[in-house]
Amino acid sequence: MIFYNPTGAPELACDHCGCRWVDRLKGKAYCYECGEEITAESIAEFQRALLELAKKNDQAGGGTT
Ligand SMILES: [Zn+2]
């Protein structure tokens, strides 16, 4: 599950309880609240969202300073 915080940045959250406290260990992630494993699919989605954000920031900030 992916959340977006008010600044538009993605946050990885637990699919089971929606908690955003995620413990990431060696490519695997576990929820702090309920202990469920965060699926690889969710992590991949989160990484895609980060890339999208980076792209957006690139376009928005290109050469304006
Ligand atoms: Zn959870």
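Note: the structure precedes this text.
Residues numbered from 1 in each chain as written. Predicted model: local features only at pLDDT ≥ 70, side-chain atom pairs only at ≥ 80, totals over all residues. Heavy atoms only, no water.

1. Notes on the sheet that holds strand β5 (residues 37-38)
Working step 1: Here we have 3 strands laid out as an open sheet, ordered β3-β4-β5, and antiparallel in their pairing. Each edge of the open sheet is held by one strand with a lone partner, namely β3 (22-25) and β5. (Pairing = 2+ DSSP bridges. Helix = DSSP H or I, 4+ residues; strand = E, 2+ residues; numbered from the N terminus.)

2. Focus on the nonpolar core
Working step 1: Formed by Ile-2, Leu-12, Cys-14, Cys-19, Val-22, Ala-29, Cys-31, Ile-38, Ile-43 and Phe-46, the largest nonpolar core amounts to 10 residues.
Working step 2: When contributions to this core are tallied by element, the ones reaching two or more residues are β4 (28-31) and α1 (40-61). (Core = buried A, V, L, I, M, F, W, Y, C linked by side-chain atoms within 4.5 Å. Buried < 20%, exposed > 50% of the residue type's maximum accessible area, 1.4 Å probe, protein only.)

3. A short note on the pattern of salt bridges
Working step 1: Evaluation of the coordinates by the stated rule reveals 3 salt bridges.
Working step 2: In this structure, the salt-bridge partner of Glu-11 is Arg-20, at a minimum N-O distance of 3.9 Å.
Working step 3: Of the residues examined, Glu-11 reaches a relative accessible area of 25% and is grouped as partly exposed.
Working step 4: The closest approach of N and O atoms between Lys-55 and Glu-52, which form a salt bridge, is 3.4 Å. In this pair, Lys-55 and Glu-52 are both assigned in helix α1, 3 residues apart and thus about one turn of the helix distant.
Working step 5: Classification of Glu-52 by relative accessible area gives partly exposed; the value is 44%. (Salt bridge = Lys/Arg side-chain N within 4 Å of Asp/Glu carboxyl O.)

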